[in-house]
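What the coordinates show
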Amino acid sequence: MERRKRVGGGGGGGRGGAAGGPRRRGAGGGGEKAGGGGGAATPGRRWVRALGWTAVAVCGAVAAAATLLPVRSQAAALPSVILDRRGRVLATLAPGDRQPVALSQIPARLQQATIATEDVHFYRDFGINPVAIVRAAWVDLRSGRIVEGGSTITQQLAKNLYLTPARTLRRKLVEALYTLRLQATHSKAQILNMYLNTVYYGEGAYGVAAAARTYFDRGLSRLDLSQCALLAGLPAAPGAYDPFLHPQLALNRRNFVLQRLAAVGDITPAEAKAAAARPLGLHRGRLSLPAPSAGYFISYVLSQIAQQDPSLEAAVRRGGYRVLTTLSARDQTAADQAFSRYMPPGQTGPNGTLEPQGALVAVSPRTGAVRAMIGGRSYATDPFNRATDAVRQPGSTFKPFLYATVVAAHQPVTARRLDAPVCFPGANPSTPYCPKDYSGYSYHRLTIRQALADSVNVVAVKWAQTVGPAAVMHTARSMGIWSPMQPTLPLALGSYGVTPLELASAYVPLADLGMAIAPWGVHAVETASGHVVWAPHPPAPHRVLDAGVAYIVDSLMESVMKNGTGQRLLPLVGYWPLAGKTGTTNGHRDAWFAGFAPSLVCTVWVGDDQPARLPGYGNSLAGPIWAHFMAAALKGRPQAGWTRPQDVVQERVSAVDGLLPNPAVSTVHELFLRGTEPTTVSPASGDQGHYIGITGLPGTSVTPPQQGPSSPSPSPPDHWPHWLPFPWLGLR
């Protein structure tokens, strides 16, 4: 990416090195003759003359070698093959929808914009820019590896036609030979025409004709100056400047190209200003090729390759490579089936897509490997990947980060806050912040366990005020939330956007008892002959939460599944050790369900691309997709739960107030970080026929007051049963 962004600078340097150099040498030669008369040359002049003849001889040898190179084309290679984690073929990437067009059919403005941006001295150089190469070599020597190219349009064409994108000195030398061959056997017009018909513009589009259809859904003859500038700016970094994904970056890049056109005199400053004032004017063209299986995951894999090396991604799309991925074909099939069967019925929205849309991501918590991915209803008709690129408010699925912060602050889960109307100072003194509960206020003092199980907003915001929103933000960031956030109280309720992949990544430390690991999808990229071109090192896990904190939060989230907002889903999945959380944003604009077993994390989002009210909640819209996927994906896996860490203790406490029980009160079992257990005996004289918010561990029952002599109540096992019902707790 950086190499191509610097091409313009290299072209500027090439003006003196390529065009001005020969004139200076001629002037110098004439002066030497006049000054030397007929006398013998000095030793210094003999050295310069010898060096000059040596350079001529080397150039001649290089040119001769270039004519002997075999003509081999990567463009004619076999399609690239995408493989799952077991080595089975997921898809083949055909060379693409390419319809070569004559140079006369390509708008002059697009030709000019390409030259002004990529190789300003294209018509005056001999295919290689010596100054740019020297500069790039200096950068490479300082860094100890190939990081900058200094390529002209002819060099880029040579690489695209004949070579792999491997960044080695040998490949650069061979590239130079092929460049000289192209320069010797083709005119500048032919080279430019080949380049514009083969260069990669992103979104699977090779060549300007495909790019015009992909981004504007129109033919080349209908492109205006602004659109030509946008296309000319894409080859430098198609992923980074993708206008569908990064419209502001694409706009900035387009305007830079317009500035370059004005600087070289191809357009006037007034024309550049007028074109820069225009919107991008995008209109996605429909794919003319059938979508591959697991299309959204494949687009994610290609984006990961592009982050490493954009030219490698373009080469993979052209063909001739094998990409080994982390995807589980079994899990992807389960995801496809659950998604197609349980997505709510849709209708065509304002953008022409079927709404609502949705996304699903499944990740292995031990390795971070992405096992399944869906980014929308149909990749064939709508390739926008909502799993990786749709940033939406997560709602209450953010609350586990809040309560992880609370537990880490040594607050016992039996600590209570009153669920009643409350207001806090807002950003504007005249508009206070007043959180509300979806199902009304209970007017009870609720424990952390019951507040999370029933997704009570008021209690969550009160806890955020207690520990501080900055601490909550720090916890979320360390666990894997990388999108922008602000340390405000609404943060606790998921007011800042995330992607489904991001949320799945941030749930990994809960599923793996405090160990975080970044998500990834590529094992290796290799040539058809098996030569490894790129094999990224898998990310290393690192601790972000104390294991005891993660274990307690997992227990709280199990209560969501057993006797909270997710309890209707449990029979759909089966009674596994499962932890989960529902999420529904204000106005019912986003519906989420995110959860995990010890071996798999999955997040599901449902919503309209242009946010609109949904006909349900997180547990009724996203929940069934999550539950049916998890049921199929977990089938045959071990059912063991999480092993209790040594710093977590289990205590029998009063079901009335969470203190040490006295003989007159009912009791429950609860978890505590060692040192946070209650030390005071409950003063309650009886239960008064009801319990005020102390529900205890999921899978255990309330023990009535002791009758007769005091005797200890048996403690439940570390892995409590998952089949005990809770008819006395309703769903909110």
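Scroll up to find the structure.
If you're wondering where the values come from, they're calculated on a predicted model, not measured in any experiment.

So, how was this worked out
- Residues numbered from 1 in each chain as written.
- Predicted model: local features only at pLDDT ≥ 70, side-chain atom pairs only at ≥ 80, totals over all residues.
- Heavy atoms only, no water.
- Salt bridge = Lys/Arg side-chain N within 4 Å of Asp/Glu carboxyl O.
- Helix = DSSP H or I, 4+ residues; strand = E, 2+ residues; numbered from the N terminus.
- Buried < 20%, exposed > 50% of the residue type's maximum accessible area, 1.4 Å probe, protein only.
- Phe/Tyr/Trp six-rings, centres within 6.5 Å; stacked < 30°, edge-to-face > 60°.
- Pairing = 2+ DSSP bridges.
- Axes fitted to C-alpha atoms, helices over the stretch in contact; angles between N-to-C directions.
- Contact = heavy atoms within 4.5 Å.
- Core = buried A, V, L, I, M, F, W, Y, C linked by side-chain atoms within 4.5 Å.
- Polar contact = N/O pair within 3.5 Å; in protein donor to acceptor, adjacent residues only side chain to side chain.

**Looking at the pattern of salt bridges**
Two side chains with opposite charge may pair up if their charged atoms get near one another. On inspection of all chains with the given rule, the structure shows 13 salt bridges. The salt bridge involving Glu203 is made with Arg284; its shortest N-O contact spans 3.1 Å. Residue Glu203 is found in the loop between α8 (188–198) and α9 (208–216), and its partner Arg284 is found in the loop between α12 (269–276) and α13 (295–308); the two are separated by 81 residues along the sequence. Since its relative accessible area comes to 22%, Glu203 is described here as partly exposed. The class of Arg284 is partly exposed, set by a relative accessible area of 23%. We note a salt bridge from Glu313 to Arg317, for which the minimum N-O separation is 3.0 Å. Of this pair, Glu313 and Arg317 both sit in helix α14 (residues 310–318), 4 residues apart, roughly one helical turn. For the pair formed by Glu313 and Arg317, the shared burial category is buried. Each of Arg330, Asp331 and Arg637 takes part in salt bridges that share partners, so that together they form one network.

**A word on the packing of aromatic side chains**
One pass over the full model with this rule turns up 12 aromatic pairs. Plain terms: the ring middles of Phe401 and Tyr507 are 5.8 Å apart, the flat faces sit at 75 degrees to each other, and that makes the pair edge-to-face. Of this pair, Phe401 sits in helix α17 (residues 399–408) while Tyr507 is found in helix α21 (residues 500–511), placing the two residues 106 residues apart along the sequence. Across this residue pair, the class does not change: Phe401 and Tyr507 are buried. A connected cluster of aromatic rings, assembled from ring pairs, spans Phe398, Phe401, Tyr507, Phe596 and Trp642.

**A closer look at the sheet that holds strand β16 (residues 579–584)**
In spatial order, the strands read β7-β6-β18-β17-β16; together these 5 strands make up an open sheet with antiparallel pairing. This sheet does not close on itself; its edge strands, each paired only once, are β7 (370–374) and β16. Sheet twist, expressed as the average angle between the axes of neighbouring strands with direction ignored, equals 5 degrees. Pairing of strand β6 (residues 357–363) with β7 involves 4 bridges; the strand directions are antiparallel. Across the sheet, Leu360 pairs through a bridge with Ile374, a residue of β7. Where helix α15 (residues 329–342) meets the sheet, its contacts fall on β6 and β7, and the angle it forms with β7 comes to roughly 25 degrees.

**What to know about the sheet that holds strand β2 (residues 89–93)**
Pairing within the open sheet is mixed, and its 5 strands lie in the order β2-β1-β3-β13-β14. Looking at which strands have only one partner, the edges of the open sheet turn out to be β2 and β14 (532–534). Each strand axis lies, on average, 25 degrees off the axis of its neighbour in the sheet, ignoring direction. As paired elements, strand β1 (residues 80–83) and strand β3 (residues 321–325) share 3 bridges and run parallel to each other. Counterpart to Ile82 in the pairing with β3 is Val323. The sheet contacts of α14 involve β1, β2, β3, β13 (522–527) and β14, and relative to β3 the element is tilted by about 110 degrees.

**Side note on the nonpolar core**
Membership of the largest hydrophobic core comes to 87 residues, with the highest contact counts inside it found for Phe297, Ile305, Phe401, Leu402, Tyr403, Val525 and Phe596. Ignoring anything within four residues of it in the chain, the contact list for Val525 reads Ile305, Leu312, Val316, Tyr321, Arg322, Val323, His531, Val532, Val533 and Trp534.

**Let's talk about unusual backbone geometry**
Of note, the amide linkage connecting Glu355 to Pro356 takes the cis form, showing an omega dihedral of 0 degrees. With respect to the secondary-structure elements, Pro356 resides in the loop between β5 (354–355) and β6. Of note, the phi angle at Tyr443 is positive, near 60 degrees, even though the residue is not glycine. Relative to the assigned elements, Tyr443 resides in the loop between β10 (431–433) and β11 (445–447). One non-glycine residue, Ser455, lies in positive phi territory at about 55 degrees. Topologically, Ser455 is positioned in the loop between α18 (448–453) and α19 (457–467). Of the residues examined, Ser455 reaches a relative accessible area of 15% and is grouped as buried.

**Here we look at the pairing of β7**
Of all 5 residues in β7, 5 are buried, a share of seventy percent or more. Connecting the antiparallel pair β6 and β7 is a turn made up of 6 residues, with Gly368 showing a positive phi of about 80 degrees.

**Details of the side chain of Glu670**
Among the secondary structure elements, Glu670 is positioned in strand β20 (residues 667–673). Judged by relative accessible area, Glu670 falls into the buried class, the value being 3%. At a separation of 2.6 Å, a polar atom in the side chain of Glu670 contacts the side chain of Arg449. With residues near it in sequence (within four places) discarded, Glu670 still touches Val413, Thr414, Arg449, Val649, Gln650, Glu651, Val653, Gly696 and Leu697.

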